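The lines below spell out each chain.
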Amino acid sequence: MGCCSLSARHAGSAGGSQDEVELLKTGRTRKSSISDGQSEGSLQPKDPAIPTKTDGAEALWGRTQEELLNLLITQPITGWEGRNILSLGEIVWSSWVLLRSYHMEEMSERYLVLTSFHLLILSVDHTKKAFVYEGLVPLAGMHLREVLTAISYTFEITGPMIESRIICCQNSADFDRWIQHLQDQIKMANANYSTSLTSNISFLVSRWGIDVKRRG
């Protein structure tokens, strides 16, 4: 299964600084380096029980990239109470993965959708050929690291308000795209959060000064 994207994105937009993501590579040998501030409660790499990939899981019901994108936009997502998925912003990247979190004993099928400032997590209903809402994770404050497990192309996402999740991609190309796009979007989300926070503080300080003058 490939990806869906609302518009073409290129991986060359990441800056030289990677405060939120540290990935060390030596040739094709992958090593992991945890970023500063990484949650101590992160999942420890282990040999996960890997579900057998069915034909439906690999191809997601034989639909093309465009058809899957249209499905996400037009068909209601079970359990999703938000507005249309496009209200989350641009769909940057999406694909079928295996995922495990603290409350999950085994890796399970998930379909991840990366938007401008969030990561949408969906489970897959093969019977109805539909997606089921599992969670919406903010990118601001997220930490990303590659992990070494019995299966390749695996990384972990954590954060102050984010439950640690281990994510295994289908292949090296999908893995590289997820890492690159997450790097870019986390950086943008953090910059946007910092700008908003500064603006809110300036507004509160200004209002406080006005109130003090009135009382004086």
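Refer to the structure presented above.
A brief structural summary. Only a predicted model underlies this, so the values are computations on that prediction, with no experimental measurement involved.

**Observations concerning the overall build of the protein chain**
Moving on, step 1. When you go through the protein chain residue by residue, the secondary structure sums to three helices and nine strands.
Moving on, step 2. Helices (α) and strands (β) of the protein chain occur, in sequence order from the N terminus, as β-β-α-α-β-β-β-β-β-β-β-α.
Moving on, step 3. Across the 216 residues in the protein chain, those meeting the buried criterion constitute 41%.
Moving on, step 4. The long-range share in the protein chain, meaning contacts at least 24 apart out of those at least 6 apart in sequence, stands at 61%.
Moving on, step 5. For the protein chain, the exposed surface amounts to about 11,600 Å²; the carbon and sulfur share of it is 52%.

**Points about the side chain of R145**
Moving on, step 1. Checked against the element boundaries, R145 lands in strand β7 (residues 143-146).
Moving on, step 2. By relative accessible area, R145 is classed as buried at 10%.

**A few points about the packing of aromatic side chains**
Moving on, step 1. For the structure shown, the criterion picks out four aromatic pairs.
Moving on, step 2. Taken together, the aromatic side chains of W61, Y111 and F131 make up a single cluster linked through ring pairs.

**Quick notes on unusual backbone geometry**
Moving on, step 1. A positive phi angle, near 70°, is found at W61, a position not held by glycine.
Moving on, step 2. Backbone geometry at Y153 places phi at a positive 60°, although glycine is not the residue there.
Moving on, step 3. One can find Y153 in the loop between β7 and β8 (154-159).

**Quick word on the pattern of salt bridges**
Moving on, step 1. Across all of its chains, the model carries two salt bridges by this definition.
Moving on, step 2. The closest approach of N and O atoms between R145 and E156, which form a salt bridge, is 2.6 Å. One end of the pair, R145, is in strand β7; the other, E156, is in strand β8, and 11 residues separate them in sequence.
Moving on, step 3. A residue is classified by how much of its surface remains accessible, and E156, at 1% relative accessible area, is buried.
Moving on, step 4. Between R165 and E163 there is a salt bridge; the shortest N-O distance is 3.7 Å.
Moving on, step 5. A residue is classified by how much of its surface remains accessible, and R165, at 14% relative accessible area, is buried.

**Here we look at the environment of L139**
Moving on, step 1. If you trace the backbone, L139 turns up in the loop between β6 (130-138) and β7.
Moving on, step 2. C-alpha of L139 to C-alpha of I162: the two residues are 23 residues apart in sequence and 9.4 Å apart in space.
Moving on, step 3. Beyond its immediate stretch of four places on either side in the chain, L139 contacts L114, T115, S116, F117, H118, L119, L182, Q185, I186, A189 and N190.

**Here's the deal with the environment of R177**
Moving on, step 1. Within the secondary structure layout, R177 lies in helix α3 (residues 172-215).
Moving on, step 2. For R177, a relative accessible area of 40% gives the class partly exposed.
Moving on, step 3. Sequence separation of R177 and S94 is 83 residues, and the distance between their C-alpha atoms is 9.7 Å.

**Quick notes on the pairing of strand β4 (residues 108-115)**
Moving on, step 1. Within β4, seven of the eight residues are buried, leaving the element largely enclosed by the surrounding structure.
Moving on, step 2. One ladder, built from eight bridges, connects strand β3 (residues 91-101) with β4; its direction is antiparallel. If you follow L99 over to β4, its bridge partner there is S108.
Moving on, step 3. The antiparallel pairing of β3 with β4 creates a hairpin that spans six residues between the two strands.
Moving on, step 4. Judged from the four bridges that link them, β4 and strand β5 (residues 118-125) form a sheet pairing that is antiparallel. By the bridge assignment for β5, L112 is matched with I121.
Moving on, step 5. Taking the residues that link successive antiparallel strands as the turn, the β4-β5 hairpin has two residues.

**Concerning the pairing of β5**
Moving on, step 1. With respect to burial, β5 is a largely interior element, six of its eight residues being buried.
Moving on, step 2. Hairpin geometry of β5 and β6 is characterised by an intervening segment of four residues between the two adjacent antiparallel strands and by a positive phi of about 55° at K129.

**Brief notes about the sheet that holds strand β9 (residues 162-168)**
Strands pair in a sheet through their backbones, by hydrogen bonds, and they do so in one of two ways: parallel or antiparallel.
Moving on, step 1. Judged by pairing direction, the sheet is antiparallel, and its seven strands sit side by side in the order β6-β5-β4-β3-β9-β8-β7 without closing on themselves. Two strands lie at the open edges of the sheet, namely β6 and β7, each paired on one side alone. Averaged over all pairs of adjacent strands, the angle between strand axes in this sheet comes to 35°, irrespective of strand direction.
Moving on, step 2. Here β7 runs beside β8; their pairing, made up of four bridges, is antiparallel. Among the inter-strand pairings, H143 is bridged to a residue of β8, identified as T158.

Reading the values: the criteria
Residues numbered from 1 in each chain as written. Predicted model: local features only at pLDDT ≥ 70, side-chain atom pairs only at ≥ 80, totals over all residues. Heavy atoms only, no water. Helix = DSSP H or I, 4+ residues; strand = E, 2+ residues; numbered from the N terminus. Buried < 20%, exposed > 50% of the residue type's maximum accessible area, 1.4 Å probe, protein only. Contact = heavy atoms within 4.5 Å. Areas by Shrake-Rupley, 256 points an atom, 1.4 Å probe, with all protein chains shown as cover. Phe/Tyr/Trp six-rings, centres within 6.5 Å; stacked < 30°, edge-to-face > 60°. Salt bridge = Lys/Arg side-chain N within 4 Å of Asp/Glu carboxyl O. Pairing = 2+ DSSP bridges. Axes fitted to C-alpha atoms, helices over the stretch in contact; angles between N-to-C directions.

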